[in-house]
Amino acid sequence: MDIRKISIVGSGTLGIMYGRFLSRHLPAGSVRFVADENLIETYKNTPITCNGTPCDFTFIPFGTDDPADLVIFAMRFGELDDVIRRIGSQVGKNTVILSLINGITSQDMLSRAFGNDRVLLCTVQGMDVSRTGNDITYTDMGILNIGTHDGLPTDFIKMLTSFFDSAGFPYNLSTDMKKSLWERLVFNTGICQAVAVYETDYDGVKREGEPRQIMISAMEEAVSVGQAEGIALDDHTIADWLTFIDGLDGVSISSMRRDLRAGRPTEVELFSGTIRSLGKKHGIPTPTNDFLYDRIKEMENG
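The following paragraphs examine the structure supplied in this document. All figures in this text were calculated on a predicted structure; none of them were measured in a lab.

The relative placement of two packed helices is expressed as an angle between their axes plus a distance between the axes. For the pair helix α8 (residues 210-228) and helix α11 (residues 272-282), the least separation of the axes is 9 Å and the interaxial angle reads 50°. With respect to α11, the element α8 is oriented oblique. Where α8 crosses over α11, the two elements pack in a sense that is left-handed. The residues of α11 that touch α8, namely those facing Glu 221, Ala 222, Val 225 and Ala 228, are Ile 275, Leu 278, Gly 279 and His 282.

Structure representation (structure tokens):
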């Protein structure tokens, strides 16, 4: 089985960046964006550009009965329930499913809908993509960490890695993706929320002060909850992320702060929402994540 046809749901920064790369390694029309009819009309009138170059993407509406070999979910988490109900015509018996959505929830939802074996686990790391209007810019596409639920090779992961190898797509094959997902959740729970609540940039959490301490405290709670879930996290998890954070471009901001600026719903349920819920399950107090959750909800409403 080969990957010859790809469907992407979500025309945000990641979807467009990866869609552009993949479309250059397959015949024209083989990479399709699945969208509502009104969004398709919008993109007909206002073309997408990536690093200044127009993207001649193929768009197809939901309900198109033409299963893909690979379906990539790259939209916001809040849209996932609706998309799962509408994407079935794109999923055949041999379709690989890959979620680029933050958190540890989307993969479980997709597995319940389409089967555990075909849904591969994934985290996105190291990219520097940004968006202004319909123009996507990046210098580093980053890398995808991918793997299976149990770390064992399957026909689906072999199918995907064979395609990535042929296309020169940057990836790392992990044997413990559950840990990788949790490590990323620890990072996002800290930096995304602290930058948003204190309305600062990465410099604001790189230097000593309340935003940095809140960020670290939120990460510590996430580590404790992850350990209770059986994930092998430890003090090195936070130390490694702090080293990474200290090397970030200080004037950049988190996606959650961009959401609040734009008046969009945030992914707070994926971050502190998840930690609070699992904390209650295990009897672990999460006062910092309680504070961040309540404050972000207030900011959303305001």
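So that's the structure; there's more coming.
On to the side chain of Thr 266, then. Position of Thr 266 among the secondary structure elements: in the loop between α10 (255-262) and α11. A polar contact of 3.2 Å, which involves the side chain of Thr 266, links it to the backbone nitrogen of Val 268. Side chain to side chain, Thr 266 and Glu 300 meet in a polar contact 2.6 Å long. With near-sequence residues (within four places) excluded, Thr 266 lies in contact with Arg 76, Met 256, Asp 259, Leu 260, Ile 296 and Glu 300.

All of the buried residues along α11 are Ser 272, Gly 273, Thr 274, Ile 275, Arg 276, Leu 278 and Gly 279. Check the buried side of α11 and you find it contacts α6 (177-197), α8 and α12 (287-301). Where α11 terminates, the next one or two residues include Gly 283, which has phi positive at roughly 70°.

For the rest of this paragraph, the subject is the sheet that holds strand β7 (residues 91-99). Read from one edge to the other, the open sheet built from 8 strands follows the order β5-β2-β1-β6-β7-β8-β11-β12, with strand pairing classed as mixed. Each of the sheet's edge strands pairs with one partner strand only, and the pair in question is β5 (58-61) and β12 (171-173). With strand direction ignored, the average angle separating the axes of adjacent strands in the sheet is 30°. Inspection of the sheet shows β7 paired to strand β8 (residues 119-125) by 2 bridges, in the parallel sense. From the neighbouring strand, Leu 98 faces β8, where its bridge partner is Leu 120. Contacting β2 (31-35) and β5, helix α2 (residues 37-45) runs over the sheet at an angle of about 160° to β5.

What counts and what doesn't
- Residues numbered from 1 in each chain as written.
- Predicted model: local features only at pLDDT ≥ 70, side-chain atom pairs only at ≥ 80, totals over all residues.
- Heavy atoms only, no water.
- Axes fitted to C-alpha atoms, helices over the stretch in contact; angles between N-to-C directions.
- Helix = DSSP H or I, 4+ residues; strand = E, 2+ residues; numbered from the N terminus.
- Parallel < 35°, antiparallel > 145°, perpendicular 65-115°, else oblique.
- Left-handed = near helix turned anticlockwise from the far one by under 90°.
- Contact = heavy atoms within 4.5 Å.
- Polar contact = N/O pair within 3.5 Å; in protein donor to acceptor, adjacent residues only side chain to side chain.
- Buried < 20%, exposed > 50% of the residue type's maximum accessible area, 1.4 Å probe, protein only.
- Pairing = 2+ DSSP bridges.

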